[in-house]
Amino acid sequence: MSSEVPTLRNVPVALTATGTRREFDSMGTVEVPADRYWGAHTQRSLAHFSIGDDLMPKEVYHAYGYVKKAAALVNQAAGRLPEGKARAIVQAAEEAIAGQLDDHFPLYVWQTGSGTQSNMNVNEVLSNRAIQLLGGRLGSQEPVRPNDDVDMGQSSSDSFPTAMHIAAITELDDRLLPQARRLAEVIERKSEKWMGVVKIGRTHLGDAVPLTVGQEWSGWAAQLRSCIAEIEHSRQGLYELTLGGTAVGTGLNAPQGFSRDVAAKLAELTGKPFVTAPNKFAAQGSLDAMVRAHGALRGLAVALIKIANDMRWLASGPRAGLAELLLPQNEPGSSSMPGKVNPTQCEAIVMIAVQVLGADSGVAFAGSQGNLQLNAMRPLIINNFLHSARILGDGMEKFRTFSVEGTELNTKKISGYVGESLMLVTALSPLIGHQNAARIVEMALANDLTLREGALASGKVTAEQFEQIVQPEKMVGHGVDGA
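Residues numbered from 1 in each chain as written. Predicted model: local features only at pLDDT ≥ 70, side-chain atom pairs only at ≥ 80, totals over all residues. Heavy atoms only, no water.

## Focus: the overall build of the chain
The number of helices and strands found in the chain is 17 helices and 10 strands. Here the C-alpha radius of gyration of the chain, 31 Å, is well above what a compact globule of 483 residues would show, namely 23 Å. The C-alpha extent of the chain, read off along each of the three principal axes, is 110 × 50 × 35 Å. Buried positions account for 50% of the 483 residues belonging to the chain. Partitioning the contacts of the chain with sequence separation of at least 6, the portion at a separation of at least 24 is 73%. Positive and negative side-chain charges in the chain, numbering 44 and 50 respectively, have mean positions lying 1 Å apart. (Helix = DSSP H or I, 4+ residues; strand = E, 2+ residues; numbered from the N terminus. Rg over C-alpha atoms; globule rule 2.2 N^0.38 Å. Buried < 20%, exposed > 50% of the residue type's maximum accessible area, 1.4 Å probe, protein only. Contact = heavy atoms within 4.5 Å. Lys, Arg positive; Asp, Glu negative; His and termini not counted. Charge placed at Lys NZ, Arg CZ, Asp CG, Glu CD.)

This is the structure in structure tokens:
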């Protein structure tokens, strides 16, 4: 056998052949489209699992490109994979990472629960692409074999959850967390700007004692910051990779040190602190890290519902609602009512969050379905996770850009509510007692009086005492913490 390293040919990724070609696997031969790199295993899956419109997310295949590249480099360095094969697999994997092979990954979410068919889809595509680069014949499995070379030292049981973790971390770091941080920053700036604007608080949707607009917004920002911290913390479990555990966690057919070396190589390639999972039996028999990470997304969804609902309550009107906030007017709100404008960005983010809550139920139940050495609900979980992270990230960007950033205050309305509030009587309680204060409110309501008029009519408070005590700006505390 020649030791010379074959030269990779500059062959375009896109195939132009028409008709079909014959591919084979252990069960026999299958006709596949001649203009696609996939093989028999992929084609069988297309025949048996063309269910709905839910395709395996491309992010999974991009992540798989890293898995196969790292494995090829480690296997080459150890002398298990000839340099020529390794170079071809690495180039094909890099094309997968870059999205250049997306058209060759056609499989559906609803497939084998281990992700075996998607793993084999990757193995076949990278094998055929590597064969092409080396000048071989597509479908021959020579000189690069999908199972023996591309999948060397691996199995679906450890490679698919590894790809899941890489894809999940990438989605969190590249899309969701940056958008969550930007949203929190904008809300914090609004909070600081409006920290001195006194307004009436509301509990049970009823009038309560005052606070400032800035304090109210600071609560929303704090919710987001807590959610961001939880999501960041949830990444720790996702940094642990199963690769090297092979079929059941024992590492059979993976060389000594392979799991450690390939995790280190993945950390190098991605710039993420990936490590090998300390216990492969837990990592492969469960999907607990994914369940916990999606649970953190659920927490963010809950906070976003609170914030968006508060904003649309406070913006309700313009004449028959609270009308304290003035949201940007992005588009007409009704096909029949002229001039009507709706809080559409608030509604969109609430719908997104509700979808995430539903997805989390699916992830949690699927996570409970691990049986012995394998959880066979993997495609469902990674599809839900990536979808949740994607729509939350995109939704927060739109919510921030088209709603939060342009929101202003209706100061006339806000000050009017403060002036009309009867709950300011709370400040008089230490002087005249709770029951006497309650009677003032009851009398003022019954006789359509202002609080001042009711308090003076009760005889319990002098005008001088009322002016000294009932000062809304002194009832909101001295800072965000209310101290």
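Here the narrative resumes.
## So, the packing of aromatic side chains
Applying the stated rule across the entire model yields five aromatic pairs. Judged by centre distance (4.4 Å) and plane angle (5°), the ring pair of Y61 and F105 falls under stacked. Remark: F105 occurs in the loop between helix 3 (83–97) and helix 4 (116–133) and Y61 occurs in helix 2 (residues 58–77); sequence separation between them is 44 residues. The structure contains a cluster of three or more aromatic residues connected by ring pairs, namely W194, W217 and W220. Here R202 stacks its cationic end above the ring of Y417, 5.3 Å away from the centre of that ring. (Phe/Tyr/Trp six-rings, centres within 6.5 Å; stacked < 30°, edge-to-face > 60°. Lys NZ or Arg CZ within 6 Å of the ring centre and 35° of its normal.)

## Here's the deal with the packing of helix 7 (residues 213–238) against helix 10 (residues 288–314)
Put simply, helix 7 and helix 10 touch, their axes get as near as 8 Å, and they point 170° apart. By the angle between their directions, the pair helix 7 and helix 10 is classed as roughly antiparallel. Helix-helix and strand crossings are classified by hand; for helix 7 and helix 10 the assignment is left-handed. Considering only residue class, the contact of helix 7 with helix 10 consists of 17 nonpolar, four polar and five charged. (Axes fitted to C-alpha atoms, helices over the stretch in contact; angles between N-to-C directions. Parallel < 35°, antiparallel > 145°, perpendicular 65-115°, else oblique. Left-handed = near helix turned anticlockwise from the far one by under 90°. Nonpolar A, V, L, I, M, F, W, Y, C, P; charged D, E, K, R; others polar.)

## Some thoughts on helix 4
The first and last C-alpha atoms of helix 4 sit 25 Å apart over 18 residues, in line with the 26 Å expected at 1.5 Å per residue. Extensive coverage of helix 4 is indicated by the burial of 17 of its 18 residues. Positive phi appears at G135, one or two residues downstream of helix 4, with a value of about 85°. (Expected span 1.5 Å × (residues − 1).)

## Brief notes about the pairing of strand 1 (residues 20–25)
Sheet analysis places strand 1 next to strand 2 (residues 28–33), joined by six bridges and oriented antiparallel. In the strand pairing of strand 2, D25 is matched with G28. The antiparallel pairing of strand 1 with strand 2 creates a hairpin that spans two residues between the two strands. (Pairing = 2+ DSSP bridges.)

## What to know about the nonpolar core
Counting 112 residues, the largest nonpolar core has L176, I187, W217, L297, L300, M311 and F399 as its most contacted members. Among the elements that make up this core, the one with the highest residue count is helix 6 (residues 156–193) (15 residues). In this view, W217 contacts I187, K190, S191, W194, M311, L325, V404 and T407; residues no more than four positions away in its chain are not counted. Counting residues in each nonpolar core, the second largest holds 18 residues, with V425, I432, L451 and A455 among its members. (Core = buried A, V, L, I, M, F, W, Y, C linked by side-chain atoms within 4.5 Å.)

## Some remarks on the pairing of strand 3 (residues 198–203)
Inspection of the sheet shows strand 3 paired to strand 4 (residues 206–212) by five bridges, in the antiparallel sense. Looking at strand 4, one finds that I200 is bridged to P210.

## Digging into the pattern of salt bridges
For the coordinates displayed, the defined rule picks out 27 salt bridges. When the shortest N-O distance is used, the salt bridge between D35 and R36 registers 3.6 Å. The class for D35 is partly exposed, based on a relative accessible area of 26%. Across the salt bridge formed by R390 and E59, the nearest N and O atoms sit 3.5 Å from each other. Of this pair, R390 sits in helix 12 (residues 378–404) while E59 sits in helix 2; the two residues are 331 residues apart in sequence, bridging distant segments of the chain. Salt bridges sharing partners connect three or more residues here, namely K199, R202, E216 and E324. (Salt bridge = Lys/Arg side-chain N within 4 Å of Asp/Glu carboxyl O.)

## A short note on the confidence of the model for the chain
Per-residue confidence for the chain averages 94 on the pLDDT scale, and 96% of its residues sit at or above 70. The least confident element of the chain is strand 9 (residues 374–375), whose mean pLDDT is 88; the most confident is helix 2, at 98. (pLDDT = per-residue confidence, 0-100.)

## Quick word on helix 8 (residues 258–270)
Under the 1.5 Å per step criterion, the end-to-end length of helix 8 is 18 Å for 13 residues, consistent within 8% with the ideal 18 Å. Among all positions in helix 8, only F258, S259, V262, A263, K265, L266, A267 and T270 are buried. The inward-facing, buried residues of helix 8 contact helix 2, helix 6, strand 5 (240–241), strand 6 (275–276) and helix 9 (280–285). One or two steps after helix 8, the chain reaches G271, where phi turns positive at roughly 75°.

## Digging into the environment of G416
One can find G416 in helix 13 (residues 411–420). Here G416 falls in the partly exposed class, since its relative accessible area comes to 25%. Considering only alpha carbons, one finds G416 and E230, 186 residues apart in sequence, at a separation of 39 Å.

## A word on the packing of helix 3 against helix 4
Between helix 3 and helix 4, whose axes approach to 8 Å, the crossing angle comes to 120°. Viewed along their axes, helix 3 and helix 4 adopt a mutual orientation that is oblique. Where helix 3 crosses over helix 4, the handedness of that crossing is right-handed. Between helix 3, through A88, I89, Q91, A92, A93, E95 and A96, and helix 4, the contact on the second element is made entirely by L126, R129, A130 and L133. Residue classes in the contact of helix 3 with helix 4 are distributed as eight nonpolar, one polar and two charged.

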